[in-house]
Number of protein chains: 2
Amino acid sequence: MTEIATEGFSSTHLPYGVVTVDGRRRPAVRIGDHALDLAGAEAAGLVDAGGTLQAGTLNPFLAAGPAVWRAVRERLLALATDPPAKLLHRLDAVTPVLPFEVADYVDFYSSEHHAANLGRILRPGQPPLLPNWKHLPVGYHGRAGTVVVSGTPIVRPSGQRRTGDGPPEFGPSQRLDVEAEVGFVVGVPSRLGAPVPVDRFADHVFGVVLVNDWSARDLQAWEGQPLGPFLAKSFATSIGAWITPLAALDAAWVPAPPQDPPVLPYLRQEPRHGLDLALTVRWNGTVVSRPPFASMYWTPAQQLAHLTVNGASLRTGDLYASGTVSGPEPDQVGSFVELTRGGTEPVTLADGEQRRFLADGDTVTIEATAPGVDGGRITLAEVTGTIQPPSGAEVTAR
Amino acid sequence: MTEIATEGFSSTHLPYGVVTVDGRRRPAVRIGDHALDLAGAEAAGLVDAGGTLQAGTLNPFLAAGPAVWRAVRERLLALATDPPAKLLHRLDAVTPVLPFEVADYVDFYSSEHHAANLGRILRPGQPPLLPNWKHLPVGYHGRAGTVVVSGTPIVRPSGQRRTGDGPPEFGPSQRLDVEAEVGFVVGVPSRLGAPVPVDRFADHVFGVVLVNDWSARDLQAWEGQPLGPFLAKSFATSIGAWITPLAALDAAWVPAPPQDPPVLPYLRQEPRHGLDLALTVRWNGTVVSRPPFASMYWTPAQQLAHLTVNGASLRTGDLYASGTVSGPEPDQVGSFVELTRGGTEPVTLADGEQRRFLADGDTVTIEATAPGVDGGRITLAEVTGTIQPPSGAEVTAR
């Protein structure tokens, strides 16, 4: 029997990804520090997903829907206790790639603490939340084509920024930031013109990935009116390489914070629950924040109901992210603009270096744990990225 | 020889689409009121696109790049004077479908007259243009999955709106509007981290479609801060069924309006030219506006350079639209919120009906003509849509 180190990725977690083996992309499930080749497992008759595991991406399997997801997981739970050695690959011997083709990418803004923190930084002296914030989960579309898998280097973006009232300057972003988020992967599509009610979340959503929505705050401040973020976000969004299926999070649902004022009927959810994911953000190895996902004001089911209430259809591979996860405490914030109070208070990392925003060469890693179905805790696959200098190699501020 | 009515779609125009013939999707080129089956033409050895015309969508052909586009057009220009009858289908006997799979959809805001008109309506008493507007082509990402082909019915979206200072209400949009735009279809992808300079436009962009970016103004006003439009736009965006290749618009380039203040180096284009497309907007048959695309402040090449300057990559099938096309005159505006001055001055249609915004059953059709390469004028394929009532069948304001 192959010896498998399973911490956080025990045989009851079983997240899905795609790995490159001998130059071919193969759907796989992660068991500890190994990947089990699902294309091979299906070809050998060990699992039956109707042939959807033979592609180089998870999209066909995601489209197959809850009955197939359940049946495959049942089989894998049995297989995982003694997986066939010839289908197992050590993770350090394979390359994880983007696990699915992203159709549309939507980013919400659903942490009350994050929205209020940014409001205080951007609109001092005014109410921290805008009037619409507690009535609907504010969101916008991002760039699906630049969603990249964890580990992909992040080239510092250049763009326009303005300091003071003069004309804008062009150059590499000097206020490059992270946003620690949780993303939801849509499997089953919906019809144009047919909203998805708040209680049909599990009919469409397959699972969860960690997200780092890299953000250039100087570009964002200049470009963002009146139509929202564009180049400040579109250069890259990183996601974890392994999708944790909802089924592995059955024990992680907890009541969401109360909502006042009451929401409109299409957003009412009973029971209204969120996921108890405990995030950590590491900056060059130093844990600088521990954002609690359970503190989010809007739940993933409310976000999905809102996203479709105008009749917008879902496609397999749609990804929607929670928005920056920030808790009520200063060491629970999911972005560095919050951590450093708008860049005014540097943080000191374990190596003694001080930072306000990201320097070239910096690495940020977001991890999370959650209650698992067997009483232990599972680990959501990390999302990590290292900043590379812009092609011009100009000096950037720290 | 088959008799072909060619007005606007002469044998030197030759736009590309996809039609369903006997239940199969076939790439085709439009010649007058007929579609020439390109899959069949390639299979018969009449054109050679390296096999890219055998798919059910134009994406493989779009990805093939300028050399293949040129070679195929050369052959089609010769074939079109006497096309083989067995590959010709009358347009009324086939169903045009979405001609390509949309990767990412970006919408710009590049008409100075439109931006200033909206500024006067939304921010009365303040400067009509925001400070960034003349320094960069403002844009945002829209929903690619709800881009639909001309003729697709448009279900009136429901959502949140607020009148006055009270809580928001939920219901069908009462201020449903159009945006007459011109869209650019990307064929050749670009690498992540590598901007596309302003002079490389023609290396990547294949052609042009008309766009109607349907907009629910009441939803937009309530949801839009601080992250921009979301559900107000994401329910549907219509595009023409036939893509006019850039090669058919060689004679349509004209100098763009002067830019003051000067733009940053990455946006400098010499000569800086736009397309002389003459749009018309028909509301239930009545021409209510004639927006001149030549009046756009930002050119399509500047838009592409801006879109990628942060290192964002392009994919085959990316679509970016110009933003609402409005000229300087009141009868040249590309949206009804402008035409009716924020809904305060109704327009009277030819049948005597009065309108401020769209009523259920209304049809809007956007057309355009342009100078063709043979000295005549060509017609860009129309984009049309009819408003269907929401499922709840509630009464909507006119």
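Residues numbered from 1 in each chain as written. Chains lettered and ligands numbered in written order. Predicted model: local features only at pLDDT ≥ 70, side-chain atom pairs only at ≥ 80, totals over all residues. Heavy atoms only, no water.

Enquirer: Requested: an account of the overall build of chain A, with residues and values cited.
Expert: A tally of regular secondary structure across chain A gives nine helices and 26 strands. Its C-alpha radius of gyration of 21 Å places chain A within 12% of the 21 Å reference for a compact globule of 398 residues. The principal-axis extents of the C-alpha atoms in chain A amount to approximately 65 × 50 × 35 Å. Put simply, chain A has 398 residues, and 61% of those count as buried. Look at the contacts in chain A between residues 6 or more apart in sequence, and 73% of them connect residues 24 or more apart. When the accessible area of chain A is evaluated, it comes to approximately 14300 Å², of which 52% is carbon and sulfur surface. (Helix = DSSP H or I, 4+ residues; strand = E, 2+ residues; numbered from the N terminus. Rg over C-alpha atoms; globule rule 2.2 N^0.38 Å. Buried < 20%, exposed > 50% of the residue type's maximum accessible area, 1.4 Å probe, protein only. Contact = heavy atoms within 4.5 Å. Areas by Shrake-Rupley, 256 points an atom, 1.4 Å probe, with all protein chains shown as cover.)

Enquirer: Can you lay out helix α4 (residues 112-122) of chain B for me, pointing to particular residues and giving the numbers?
Expert: Buried residues of α4(B): H114(B), A115(B), A116(B), N117(B), L118(B) and G119(B), and no others. Each element contacted by the buried residues of α4(B) is listed here: α9 (336-339) of chain B.

Enquirer: So what's going on with the packing of aromatic side chains? Residues and values would help.
Expert: When we look at a pair of aromatic rings, we describe it by the centre distance and by the angle of the planes. All names here are of chain B. Considering all chains together, one arrives at 28 aromatic pairs over all chains under this definition. Aromatic side chains Y16 and F206 sit 5.5 Å apart centroid to centroid with 65 degrees between the ring planes, which places their arrangement in the edge-to-face category. Placement of the pair is Y16 in strand β1 (residues 16-21) and F206 in strand β14 (residues 205-212), with a sequence separation of 190 residues. The exposure classification of Y16 matches that of F206, with both residues buried. (Phe/Tyr/Trp six-rings, centres within 6.5 Å; stacked < 30°, edge-to-face > 60°.)

Enquirer: Outline the pattern of salt bridges, listing residues and values.
Expert: Residue and element names in this part refer to chain A. Counted under the stated rule, the structure contains 32 salt bridges over all chains. Among the ionic pairs, E367 bridges to R282, the shortest N-O distance being 3.0 Å. You can see E367 sitting in strand β25 (residues 363-371) and its partner R282 sitting in strand β20 (residues 278-283), a full 85 residues away along the chain. Accessibility expressed as a relative area gives 23% for E367, which makes it partly exposed. One salt bridge connects R341 with E345, and the closest N-O pair in it is separated by 3.4 Å. In this structure R341 comes out as partly exposed when scored by relative accessible area, which is 46%. Classification of E345 by relative accessible area gives partly exposed; the value is 40%. It is possible to trace a salt-bridge network through shared partners that takes in D177, E179, D213, R217 and K233. (Salt bridge = Lys/Arg side-chain N within 4 Å of Asp/Glu carboxyl O.)

Enquirer: Any chance you could break down the sheet that holds strand β1 (residues 16-21) of chain A for me, citing the residues and the numbers?
Expert: All names here are of chain A. Ordered by their spatial adjacency, five strands build an open sheet running β4-β3-β2-β1-β5, and the pairing between neighbours is antiparallel. With one partner strand each, in any of the chains shown, β4 (88-90) and β5 (95-97) form the two edges of the open sheet. In this sheet, adjacent strand axes meet at a mean angle of 45 degrees when their direction is disregarded. By the bridge criterion, four bridges tie strand β2 (residues 24-31) to strand β3 (residues 34-37) in an arrangement that is antiparallel. Bridge pairing in β3 places A28 opposite D37. (Pairing = 2+ DSSP bridges. Axes fitted to C-alpha atoms, helices over the stretch in contact; angles between N-to-C directions.)

Enquirer: Before we move on, can you summarise the relation of the copies chain A and chain B with the specific residues and values?
Expert: With an axial shift of 0.0 Å and an RMSD of 0.0 Å, the rotation relating chain A to chain B amounts to 180 degrees. Such a turn and shift between the copies fits a two-fold axis. Closest to the rotation axis within chain A is the C-alpha of G228(A), separated from it by 2.1 Å. Both copies share a contact surface, since 100% of the interface residues of chain A are interface residues in chain B too. (Least-squares fit on C-alpha atoms with pLDDT ≥ 70 in both.)

Enquirer: Account for the sheet that holds strand β3 (residues 34-37) of chain B, naming residues and giving values.
Expert: Residues and elements named next belong to chain B. Ordered by their spatial adjacency, five strands build an open sheet running β4-β3-β2-β1-β5, and the pairing between neighbours is antiparallel. Across the chains shown, the open sheet's two edge strands, defined by having one partner strand only, are β4 (88-90) and β5 (95-97). Neighbouring strand axes in the sheet, compared pairwise and without regard to direction, differ in orientation by 45 degrees on average. By the bridge criterion, three bridges tie β3 to β4 in an arrangement that is antiparallel.

Enquirer: Can you break down unusual backbone geometry residue by residue, with the values?
Expert: Residues and elements named next belong to chain A. Here the bond from Q225 into P226 is cis, since omega is 0 degrees, no more than 30 degrees from zero. Among the structural elements, P226 can be located in the loop between α6 (217-223) and α7 (231-234). The phi torsion at D22 lies on the positive side, around 50 degrees, for a residue other than glycine. Checked against the element boundaries, D22 lands in the loop between β1 and β2. In this structure, R341 is a non-glycine residue whose phi angle is positive, near 50 degrees. For R341, the location among the structural elements is in the loop between α9 (336-339) and β23 (347-348).

Enquirer: Give a description of the pairing of strand β6 (residues 105-108) of chain A that names residues and reports values.
Expert: Residue and element names in this part refer to chain A. Residues Y105 and D107 point to one face of β6 and V106 and F108 to the other, with burial holding for every one of them. Relative to strand β7 (residues 139-142), β6 is paired through four bridges, and the arrangement is antiparallel. Its bridge partner lying in β7, F108 is registered against G139. Across three bridges, the pairing between β6 and strand β22 (residues 319-321) is parallel. Bridge pairing links D107 to A321 in β22.

Enquirer: Give me helix α3 (residues 66-79) of chain A: which residues, what numbers.
Expert: Residues and elements named next belong to chain A. The end-to-end C-alpha separation of α3 is 20 Å, in line with the 20 Å expected for 14 residues at 1.5 Å each. If you check which residues of α3 are buried, you get W69, V72, R73, L76 and L79. Down the axis, α3 shows its buried residues gathered within 120 degrees of arc, on one side only. Exposed and facing more than 90 degrees away from the buried side of α3 are A67, R70 and E74. (Expected span 1.5 Å × (residues − 1). Arc of directions from axis to C-beta.)

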